[in-house]
Amino acid sequence: MTTNDPGSMETPQVERSRTPVVSSWNEWDPLEEVVVGSADGACFEPTEPGCRPTVRGGGGAFPTGPKPAEMIARANEELDGLAALLTSRGVRVRRPSTVDFATAVSAPTFDVANQYCAVCPRDVIVTIGSEIIEATMSRRARYFEFLAYRDLVYRYWNSDDRVRWTTAPRPSMRDEMYREEFWSIPLEERYARMHSFEFCISQDEVVFDAADMSRFGRDVFVQESMTTNRAGIRWLRRHLEPQGIRVRPVHFPLDLFPSHIDCTFVPLRPGLVLTNPDRPLLDGEDRLFIENGWKLVNAPEPTTGNDGMPRYCQSSKWLSMNVLSISPTEVICEERETPLHALLDSLGFEVLTVPFRHVFEYGGSLHCATWDVRRTGTMEDYFPDASSDQAT
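What counts and how
Per chain, residue numbering runs from 1 following the sequence as it is written. Note on the predicted model: pLDDT of at least 70 is required for a residue's local features to be given, and 80 or more for side-chain atom pairs to be given and counted; whole-chain, interface and lining totals, by contrast, use all residues. With hydrogens and water excluded, all non-hydrogen atoms of the structure serve as input to the side-chain values. Here, a salt bridge means any side-chain nitrogen of Lys or Arg that lies within 4 Å of a carboxyl oxygen of Asp or Glu. A helix here means a DSSP run of H or I that spans at least four residues, while a strand means a run of E at least two residues long, and both kinds are numbered starting from the N terminus. Burial status follows relative accessibility: with a 1.4 Å probe on protein chains alone, a residue under 20% of its type maximum counts as buried, one over 50% as exposed, and anything between as partly exposed. Among buried residues, the Ala, Val, Leu, Ile, Met, Phe, Trp, Tyr and Cys ones that are joined through side-chain atoms within 4.5 Å form a nonpolar core. Between two residues, a contact is recorded if the distance between any of their heavy atoms is within 4.5 Å. Only strands joined by at least two bridges in the DSSP assignment are considered to pair. Throughout, an axis means a line fitted to C-alpha atoms (over the contacting stretch in the case of helices), and angles, computed between N-to-C directions, take values from 0 to 180 degrees. Side-chain rings of Phe, Tyr and Trp, where Trp is taken by its six-membered ring, are said to pair if the distance between their centres is within 6.5 Å; with planes under 30 degrees apart they count as stacked, over 60 as edge-to-face, and otherwise as tilted. Per-residue confidence from the predictor is reported as pLDDT, which spans 0 to 100.

### Considering the pattern of salt bridges
Working step 1: In the structure shown here, the tally under the stated rule is 34 salt bridges.
Working step 2: In this structure, the salt-bridge partner of Arg150 is Glu134, at a minimum N-O distance of 2.9 Å. Remark: Glu134 occurs in strand S6 (residues 131-134) and Arg150 occurs in helix H2 (residues 147-159); sequence separation between them is 16 residues.
Working step 3: Judged by its relative accessible area of 1%, Glu134 is buried.

Written out as structure tokens, the structure is:
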């Protein structure tokens with residue numbers, strides 16, 4: 001695995017005239033520093049109230065415990081390749097600490113046989129301006145995943161007194177936090193009640209994954225999903241709005257198992273969003289974009305259908321959309337997604353490609369596998385004709 005020593009960061013008392021160590025307001029400004037995930041120590045995600053992993057094609061019971069060494073090596077090769085590409089483009093790359101995810105967790109309110117992995121930092125942690133926010137997380141196996149990034153967070157925090165660090169409320173993860181009956185609801189009934197937006201987590205505790213957030217400068221859009229509830233959105237609103245940031249919930253009613261916004265609604269540059277044709281925005285929620293001159297462009301059909309995804313991948317074929325913008329004119333895509341390459345090229349982007357199919361086994365692609373720490377630019381208002389926020 002490629003490593004960048006976080007110990008090379010400067011010690012406390014950085015001069016205020018220097019570039020902030022942590023600063024990122026959106027998903028597209030020129031990328032300067034990023035954390036790329038690692039598959040070291042990864043395990044298969046266990047069955048628990050918030051997760052029911054299955055083998056694609058009905059191939060028996062889902063595996064348990066540590067992932068095979070060869071599977072980890074294949075993923076790490078691709079993650080290292082992404083790190084190398086970013087470094088070649090002048091981006092400083094850092095990597096998470098190694099964690100023994102095979103360790104069982106026994107807590108007063110829950111037990112879980114093993115943990116998961118540190119492949120997808122985007123799920124766990126988000127930068128908004130100079131603030132680092134650690135998400136609550138929604139699954140028991142990911143409760144302590146923040147530990148893979150804690151050394152880095154401490155170093156960022158110690159090296160610049162402008163860095164703010166917030167850990168969201170830790171949920172109980174007790175049985176009552178979940179709606180286990182969700183998993184037995186027939187598909188026809190899901191369609192009938194798709195606008196209720198009630199999934200496998202209850203509304204009683206503050207719950208959100210960071211990957212349900214998409215940053216547009218002064219506005220942060222948050223998807224209500226399997227991994228983020230209305231209480232989580234309310235917490236984000238109360239925390240961020242005193243800082244002048246507008247938190248806007250969004251919904252995609254045709255997605256019956258929504259989890260993380262970055263395979264559904266992906267901003268590429270000011271005025272342009274890549275959208276999922278299978279998962280349109282709730283009627284009326286596109287008005288804000290249209291009124292402010294944004295263009296919503298449907299992603300092309302992925303090169304691989306759901307049936308052709310990796311055997312243990314729990315994500316949909318729309319990982320094809322999970323791209324990483326390194327500037328308003330440069331986008332990194334998975335190498336096989338040639339229809340998407342052509343679309344982005346037609347929209348004026350330089351398209352960079354890397355192989356990433358083996359990383360799909362770990363629940364994400366290029367955007368998921370990164371946490372952008374610093375991008376150039378400041379907080380901008382991309383929605384000056386903003387209507388009032390919706391209640392959550």
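### Some points on the nonpolar core
Working step 1: Counting 37 residues, the largest nonpolar core has Ile128, Ile132, Tyr156, Phe208, Met213, Leu236 and Trp371 as its most contacted members.
Working step 2: Mapped by element, the contributors of at least two residues to this core are strand S5 (125-128), S6, H2, strand S9 (219-223), helix H4 (230-240) and strand S17 (370-375).
Working step 3: Among the elements that take part in this core, H2 stands out by supplying five residues, more than any other.
Working step 4: Residues in contact with Leu236, not counting those within four places in the same chain, are Phe208, Met213, Val222, Glu241 and Val247.
Working step 5: Residues Val55, Leu86, Tyr312 and Tyr362 belong to the second largest nonpolar core, which totals 34 residues.

### Side note on the sheet that holds strand S8 (residues 213-216)
Working step 1: Overall, mixed pairing links the three strands, which are arranged S8-S9-S10 in an open sheet. Each edge of the open sheet is held by one strand with a lone partner, namely S8 and strand S10 (246-250). With direction set aside, neighbouring strand axes in the sheet form an average angle of 25 degrees.
Working step 2: Inspection of the sheet shows S9 paired to S10 by five bridges, in the parallel sense. Opposite Phe221, over in S10, you have Arg248 as the bridge partner.

### Some words on the packing of aromatic side chains
Working step 1: Tallied over the entire structure, the rule returns 29 aromatic pairs.
Working step 2: Seen in terms of ring centroids, Phe216 and Phe221 are 4.9 Å apart; in terms of plane orientation they differ by 70 degrees. Their pairing is edge-to-face.
Working step 3: Judged by relative accessible area, which is 0%, Phe216 ranks as buried.
Working step 4: Residue class for Phe221 comes out buried when judged on its relative accessible area of 2%.

### Description of the confidence of the model for the protein
Working step 1: Scored by pLDDT, the protein comes out at a mean of 93, with 94% of its residues at no less than 70.
Working step 2: Taken as a whole, residues 1-7 scores under 50 in pLDDT and shows 16 contacts with residues more than four places along the chain or in a different chain.
Working step 3: Residue range residues 388-392 is modelled with pLDDT below 50. Its contacts to residues more than four positions away, or to other chains, number 15 contacts.

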